[in-house]
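# Structural characterization, general
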Amino acid sequence: MSTANDWNSNIIAEFRANEGRVGGQFEGAPMLLVHHRGRKSGRESVSPMMYLADEQDPDLIYVFASKGGAPTNPDWYYNLTAAGSATVERGTERYDVTVQEITGPDRDRIYAEQAGRYPGFAGYSEKTAGIRTIPVLALRRA
């Protein structure tokens, strides 16, 4: 039986084998691996995700809790917001980050920028309209 964990494991292996690059649906997209601890289980997890780099601040990137447009937030969102910190792998670099949720007009501007670059994100927000607002998290190098 194939699961999301199998899919993530394949993306993680490809990311690490290719210095942070993956192919398929993520060909050319900025990707990172986020290490986080389950707020209930205490287990360490690694989640691959696309990010948007801040154009003014090289120590700041944004991630989007889209979950492919599902009606609920991904578990990693709750883990990151509960912990307030995480570790990321970006390219061949690994470093600690602080986590802060972005809300209001700043969230809307950042999400619109991501959706403009990657139209799948516009589709995710259409799927979740009236159900939830897709969270945007700022990850700042610690």
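Higher on the page you've got the structure.
Cut-offs and rules
Residues numbered from 1 in each chain as written. Predicted model: local features only at pLDDT ≥ 70, side-chain atom pairs only at ≥ 80, totals over all residues. Heavy atoms only, no water. Salt bridge = Lys/Arg side-chain N within 4 Å of Asp/Glu carboxyl O. Helix = DSSP H or I, 4+ residues; strand = E, 2+ residues; numbered from the N terminus. Buried < 20%, exposed > 50% of the residue type's maximum accessible area, 1.4 Å probe, protein only. Arc of directions from axis to C-beta. Contact = heavy atoms within 4.5 Å. Pairing = 2+ DSSP bridges. Axes fitted to C-alpha atoms, helices over the stretch in contact; angles between N-to-C directions.

### Examining the pattern of salt bridges
In this structure the tally under the stated criterion is nine salt bridges. Among the salt bridges present, the one from Arg117 reaches Glu55, with a minimum N-O distance of 2.7 Å. Of the two residues, Arg117 is situated in helix 3 (residues 104-117) and Glu55 in the loop between strand 2 (44-53) and strand 3 (60-64); the sequence distance between them amounts to 62 residues. Arg117 sits in the partly exposed class, given a relative accessible area of 38%. The class for Glu55 is exposed, based on a relative accessible area of 60%. The partner of Arg117 in a salt bridge is Glu113, and the shortest N-O contact between them spans 2.6 Å. Separated by four residues within a single helix, Arg117 and Glu113 lie in helix 3, roughly one turn from each other. Overall, Glu113 belongs to the partly exposed group, its relative accessible area being 36%.

### With respect to helix 2 (residues 75-83)
Along helix 2, the positions that sit buried rather than exposed are Trp76, Tyr77, Asn79 and Leu80. Projected onto a plane normal to the axis of helix 2, the buried residues spread over an arc of 165° and lie on a single side. In helix 2, the exposed residues that point more than 90 degrees away from the buried face are Asp75 and Ala82. On the buried face of helix 2, the contacting elements are strand 1 (31-37), strand 2, strand 3, strand 4 (85-90), strand 5 (93-102) and strand 6 (136-141). With its phi angle positive at about 75°, Gly84 sits one or two positions after the end of helix 2.

### Describing the sheet that holds strand 5
The strand order around the closed barrel built from six strands is 1-2-3-6-5-4, with neighbouring strands paired in antiparallel fashion. Adjacent strand axes in the sheet meet at a mean angle of 45° when their direction is disregarded. Sheet topology note: the strand 3/strand 6 ladder contains five bridges and is antiparallel. Bridge pairing in strand 6 places Tyr62 opposite Ala138.

### Observations regarding the pairing of strand 2
Relative to strand 2, strand 1 runs antiparallel, the two being bridged by seven bridges. Looking at strand 2, one finds that Met31 is bridged to Met50. Linking two consecutive strands that pair antiparallel, namely strand 1 and strand 2, is a turn of six residues; a positive phi of about 80° is found at Gly42 within it. In this sheet, strand 3 lies alongside strand 2 in antiparallel orientation, the contact comprising three bridges. Bridging from a neighbouring strand, Tyr51 pairs with Val63 of strand 3. Joining the antiparallel neighbours strand 2 and strand 3 is a turn of six residues.

Functional significance is not addressed by these values, which are geometric in nature.
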